[in-house]
Structures are given as C-alpha cells and as structure tokens.
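Structural features, examined
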Amino acid sequence: MIQMGEFKVHRVRFFDYMPSAIRSMAFNSHTERLAVARADGAVEIFNFADNYFQEKVIAGRDGRSIEALCWVGRRLFSAGLEGEITEYDLENLRPRYSIEAYGGPIWTISSNSQGTLLAAGCEDGTVKMFEVLEDRIQFQTNLSRQKGRIISLSWHPSGAQIAAGMMDMIKIFDSETGQATHRLLVDRGVGTSKSREVVVWSVAFLNDHTIISGDSAGKVQIWDGLTGTLIRTHLVTKWDVLVLAVSQDESSVIAGTSEGTVVQFQFLPSTVGQQDKLWVQTRTFKNHSHDVRALVHTDTAVVSGGMDTQLVVRPLLDKVEKNTQESALHKIAFPHRNLVSCAKKAGLLLFQFPDHLELWRLGESDRNGTPGESLPVKRKPEKLIQLKIKGEDHICCSALSPCGSWLAYATVAAVRLYRLQLSSSNVSIQKVSKLPRELKSVHQLCFSSDSCRLFASSSFSSVVVVALDQTDCKYLHTLKHKSGSKQPIHILSPSEDGQWLATANTDCEIHVFNLRKMKLHCSVPAYSSCPTAVSIHPTSGNLVSVHADQQIFEFSLKQKEYSVWSRQLQRQGLHPLWLQRDTPVTQITFNPNNPAHIMLHDVFMFCIIDQSLPLPEAKSKLYNQRILQSLPEPQRLRESHAFKACKNFQHLLSVNLLEDLSLVVVERPLVDIVCQLPAPVRQKLFAT
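Quick caveat, the model's predicted, so the values are computed rather than measured. (Residues numbered from 1 in each chain as written. Predicted model: local features only at pLDDT ≥ 70, side-chain atom pairs only at ≥ 80, totals over all residues. Heavy atoms only, no water.)

Quick look at the sheet that holds strand β38 (residues 427–431) now. With antiparallel pairing, four strands are arranged side by side in an open sheet as β35-β36-β37-β38. The outermost strands of the open sheet, each flanked by one partner alone, are β35 (397–400) and β38. Each strand axis lies, on average, 20 degrees off the axis of its neighbour in the sheet, ignoring direction. Where strand β36 (residues 406–410) and strand β37 (residues 415–422) come together, five bridges link them in antiparallel fashion. If you follow L407 over to β37, its bridge partner there is Y418. (Pairing = 2+ DSSP bridges. Helix = DSSP H or I, 4+ residues; strand = E, 2+ residues; numbered from the N terminus. Axes fitted to C-alpha atoms, helices over the stretch in contact; angles between N-to-C directions.)

Right under this line is the structure:
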C-alpha cells in the first residue's frame, strides 16, 4: 500500500493477466473493421474508423484453433485444425454454426471478390469450395486433389483462378473446371538441406496475374501466373516468411517474418522516367519481438500481430499527413474492457481469465502516511478461491456483487451464479442450482449497488433483471429500448441509489432505464463514437460518458439534456494532448466526499477531473501536477486546471474506490507479460 494525496492506494500486481498470441487477421475495408483471432480461439473486432476501439470480443474455447479468418461482406468466417468452418453471430457474440469440411485440418480459407464462394485449403490435399448462401454455406465441389496439404490460398480478382501454396510448390487452379493449370516449383534456397521441404506459407494473386509467394526458406518470390515462370527472388530473412498482405491498389506488398520484422515491397519504375516497373524492397519495420503471424495492409497503414500478443498499427508516412494523430504508431497490448470486478464494501477482487476466476481479499494497513510513502501491510493479500469452469467454452463476462456475497459468470452456453460466505478464517461457495431460463446468451453481467439484483445484457440489445435473495434468484423483467438496434450491450452501469440503469451498445447508443418503473427513462442523444465508459453520479444523478475518440459528455437524467459543464467543455474543446491519447478510458468512478470530482483511467493514466476548476486551455500544460507541487500556493491556485492526471502507475487494468475511500489500483506492467512469453523462435544476432 502507498499514500497518494488524500487516498490510501492498494497497488495490486497479483492479477497475472496473460494475453494470447495473435494467429490470424482479416480486414473489412467497407466497414473498417479488423477481425483478430487469438491462439485461445477468441475473436476480437476492432473499429478502425473509431480510434481502433475493440468493440466486440467472442470468447474462445478449449481445442478451438483458428488458422484463418475471412470476411464475406459483413459476415465473418474462421477455420482451423479441427477441420471445421465457423460463421460468427456478430450481434450475439457467439459462433452461429460450424460445418465439417471432411478434409482434415483446415490451414487456410479465402473468398472470391464477388463474395459467392469460400475456398478452404485442407490437410488431405483438397481445395474445397463452399457456396455462400443467405443464411449458411453449402459444399459445392472439390478442386482436383493434390498429394500434399494446402497451406495457403489466394483468388485472382476475376474469380476465374485460384493459387494454392503447398510444400515445395504453388498450384494454379481453374475454379470452373477444378483442374490445375500450372505448377510453380519453389526451390529450397541456397545452403539449405536438400531433404528439407519448403513450406509456401502465403500467396497473393494480383490483377495482372502476378503471383507473390512467401516461404519457409525466407524468400519472397515474384511469379508470372500466365506462364508459370519465376520473375524475381528476394531473400528477406534466414528464417521463415510467414505471411503476406497486399494493398488494395496492388502497388505495395508486405511480408511478415519469424524474426519479428515486416518487410515492404513496392511496384516502382526500374529507373527514373521508365515505364517498366519492378517489385522493389523498400522498407523494413521492426515492431515485434517474436514471429509476425498475421498482417493486414490498409490504405494508410501496416497492421501486424503475432506471438508477442500485441496488435501494432504502423502508419505509412507517405500515405498520411506527418505529425498528426493519424501518423502516430499504435500498439494495442491490453483489452478495451474490464476483466476485474471489485466488491467495494468487502475489499474483494475478482479476476477473469479465459478458463477460470480468482477471488482475492485485499491486504490491510493500519497506518496513514505522507504522500508517496509505502505503508507497512498488517495483513497480506490472500487468494480465497480459484474457480475452474466446467465445459470447453471460455468465460465471456463475470461480476462480483459490491457486498462480496454473490459471484456470477457467463459463457456462450450458460450463466453460473454462486453464493459466497466469508469469514476471517474461511470461505464457502455454493452454486445456485436453478436460474431463470431468461438468463441465456449473456454478454455482460452486473450487480446493483445493494447486491439485491443481477443485470444481464442479452440478445437484441435487451437487459434481463433478476432478483436475488438468500439462496435463489427469480426473473423480474426484461428491459428493452425502442431504437431497433440489435447490437450487443458492452456496458452496464447501475446508479448508487438503485433507481437507474445505464446501458451502452456498439451502435454508439446509450439508454437509461428507470428500475422502479422497469421502463425506458430516456436515450442520450446519439454521438458518432462508441462509449468506452459510462457512469451515473451518486449525488447529481448526471450520466458521464467517455467515448473512443476521447470526448467526454455529462447528461442530466432529470432535465434530459447535456449539463452546463458539458456544453462548456464542448464549446471550449478538450486539450490536444487529451485527444491524442491512444488507449480508451475504461472506468469512471466518483468520490462521495467530493462531488465535483470525476475519477477515470486508461491504461497509462489515472485522472481526476475537478469540475469546480477551469478547463485547461489548448496552450497550457495538461500534465502539470509535478510542476504545481513546486509552486507557491497563490501561483499554484492561478495555474491549476480541472484535469489532474497521475502517470505514476504502470499499465492500469482497473481503478476502484472502496467504501473506506481507499483506491484499488490493479496494474499489469507490460514487462511482466513479455517476461512470460516463450523465447523467440528466431532471434537475429548482431552483425549476422
């Protein structure tokens, strides 16, 4: 514990959150959504039009290995080593159905540009074609069977041909007849063992019938797809080229390697003024410590991910305006949602992992100290329960009641509710056996402040309300809004007095329900950016929301309009440094001892906004707390502004205020995650 100004702070570093490696990515240029598949089978959707906000997460399951992702229109498909193709329900955040391909493990899937056919490359040497129907896919035909597994696929934009990367070769198929028309032999590279096969990890089939391949011998090769001849070889690494991605205008190709580098090639004139163009290696980016397994080439950026778990968006400086927010490098290392629940009346924390939950009791100190001082701990933090889930489905959400007596979690298949009884010496946990049948397809869980109700966001953007008593629970009501949106609710925020429940969905809507009348009270005026945190002030009853574009609003639930402070903030505008932050605010809390204070945090900063102080001018220093401490009091008062930011913590996952007004700060330093990663498979040594 430490003392920080008016607060005692519990610095919690025993949440061993460990993100999963990125296995595959697919970008939908029409909706500007990036789908990311993790090694644990989870799928995440990022909105690139809204400050890269992670708007949806579909939980993984044991044994689900995703090797490939593919968008067909607004529909998302995946395939993996269990041999099935899965389509996802992006409104209910679950697999819609899975279809067996009957070709063994599936290494790759790819759709034609017309969106009518989906091809799957299988272990048994077949390329299987599926027709994309309105509500499902249907097997159509096999292309002629080959002797080795099909590792990679790429359609020609016309849809008439498809290129398949295999062991030691690339085959070009006529998609109409299913016959192979060309065989391109890939050499094993200089100095490699003649017995060692070359894996063609990735292929790209361009409009002019150029084929580009990346292989396990470290080569990027350019082929003429009409004649089947090799045009040029670029040796880019001693190890593997694992993935390729092509820009939409086909003027640039990027290659990801097992050294953690991304190499760019551009189609440029061979000499100044010449019409002839060549594929030229132009740039190398080093943003990863481990294998780059997944790549996307947008119009303005290189997007990469791999074993080091971080999603990196690297703008191409010849495509964006320099020294702007768009030109900044983005590294997304932490989820844009809360994996920590706090029982603020009981001093308990619940940590959510994919396949289990941990319940901890916070430590105690009986001393107060000076700001910055570490306080001696009278009682150490203690892990009370580790709850392993049953079944293969991973946890999609969890919650702990404020009093610490109830614990709930949900998977795509079921909701589980437990009654906890704690004493100083022991803890007992009892499962509630009968739950209302309305508790199904749940995306978020939350308890009321008096711990007497459980709220569960469900399908069609609705909320199921359940009443809790000593041993069981009963269904009360389903809250529905009238907007017609079917998008999932990602935020549930009940008011302290039990009167209101605020909900936010990924259609950027915020709806507020009156829990005494069990009906919609009002909808906050629509704003174009998705809410990332929403909370209702315990005394004023105003709703505060922060959005993916970092804008802040305060809305009066009594007057059903924006507050005077909110309108003033919008007129003056937020400080440029505030708007340039690249991690979203994920939590808002309030200090009951100081109603003018709004407390919020992102990954890098904890901030108190003091509504009684003037807003910072654009030219003033935003992060000025250390400077203010050194000034005499009259000058300090003159130069103080509303935004009091603290950057003393490392990678914040959660900040909560307990009933005794001590802060609980859950940190997960990135260095601790990096230390737990496996050693890089290929690590380039200096001067080699």
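Okay, back to it.
It is worth spelling out the side chain of Q487 at this point. Structurally, Q487 is set in the loop between β42 (473–479) and β43 (489–494). Accessibility expressed as a relative area gives 18% for Q487, which makes it buried. (Buried < 20%, exposed > 50% of the residue type's maximum accessible area, 1.4 Å probe, protein only.)

Let us look at the pairing of strand β11 (residues 106–111). Most of β11 is tucked away, with five of its six residues classed as buried. In terms of strand pairing, β11 meets strand β12 (residues 117–122) through five bridges, oriented antiparallel. Following the sheet pairing, I106 is matched in β12 by C122. From the end of β11 to the start of β12, which pair antiparallel, there are five residues, and G115 there has a positive phi angle of about 75 degrees.

On the surface, a cluster of nonpolar side chains totalling about 190 Å² of accessible area is made up of L268, L278 and V280. In this structure, L268 sits in strand β25 (residues 261–269). Judged by relative accessible area, which is 31%, L268 ranks as partly exposed. (Patch = residues over 30% accessible without salt bridge, like charges linked within 9 Å, V, L, I, M, F, W, Y side chains within 5 Å. Areas by Shrake-Rupley, 256 points an atom, 1.4 Å probe, with all protein chains shown as cover. Salt bridge = Lys/Arg side-chain N within 4 Å of Asp/Glu carboxyl O.)

With that settled, consider helix α1 (residues 564–572). Taken residue by residue, α1 has W565, S566 and L569 as its buried positions. Across the axial projection of α1, the buried residues extend over an arc of 100 degrees, all falling on one side. The outward face of α1, more than 90 degrees from its buried face, is lined by the exposed residues V564 and R571. On its buried face, α1 sits against β49 (552–556), β50 (561–562), β52 (594–601) and β53 (606–610). Immediately beyond the C-terminal end of α1, within one or two residues, lies G573, with a positive phi of roughly 90 degrees. (Arc of directions from axis to C-beta. Contact = heavy atoms within 4.5 Å.)

The subject of this paragraph is the domain arrangement of the chain. Parsing the chain into structural domains produces domain 1 (248–334) and domain 2 (481–667). Counting residues at the interface gives five residues for domain 1, matched by seven residues for domain 2. A combined buried area of about 430 Å² lies between domain 1 and domain 2, and 64% of that area is made up of carbon and sulfur atoms. Among the residues domain 1 hides against domain 2, the three largest losses belong to Q325, H330 and F334. Together they make up 89% of the total. In this assembly, domain 1 and domain 2 are joined by zero salt bridges. Seen at the junction of domain 1 and domain 2, the total is zero residue pairs in polar contact (both at pLDDT 80 or more). (Domains from an automatic or database assignment. Buried area = accessible area lost by both parts, 1.4 Å probe. Polar contact = N/O pair within 3.5 Å; in protein donor to acceptor, adjacent residues only side chain to side chain.)

For the rest of this paragraph, the subject is the nonpolar core. Core analysis: the biggest nonpolar cluster contains 21 residues, and I552, W578, I588, L600, I609 and F643 have the highest contact counts within it. Broken down by secondary-structure element, the contributors of at least two residues to this core are β48 (542–547), α1, β51 (587–591), β52, β53 and β54 (643–646). (Core = buried A, V, L, I, M, F, W, Y, C linked by side-chain atoms within 4.5 Å.)

This brings us to the environment of G305. Tracing the sequence through the fold places G305 in strand β28 (residues 301–306). Look at G305 and you get buried, because its relative accessible area is 0%. Measuring from C-alpha to C-alpha, the distance between G305 and D62 comes to 22 Å, with 243 residues separating the pair along the chain. Apart from residues lying up to four places away in sequence, G305 is in contact with I22, M25, H288, D291, V292, R293, A294 and Q310.

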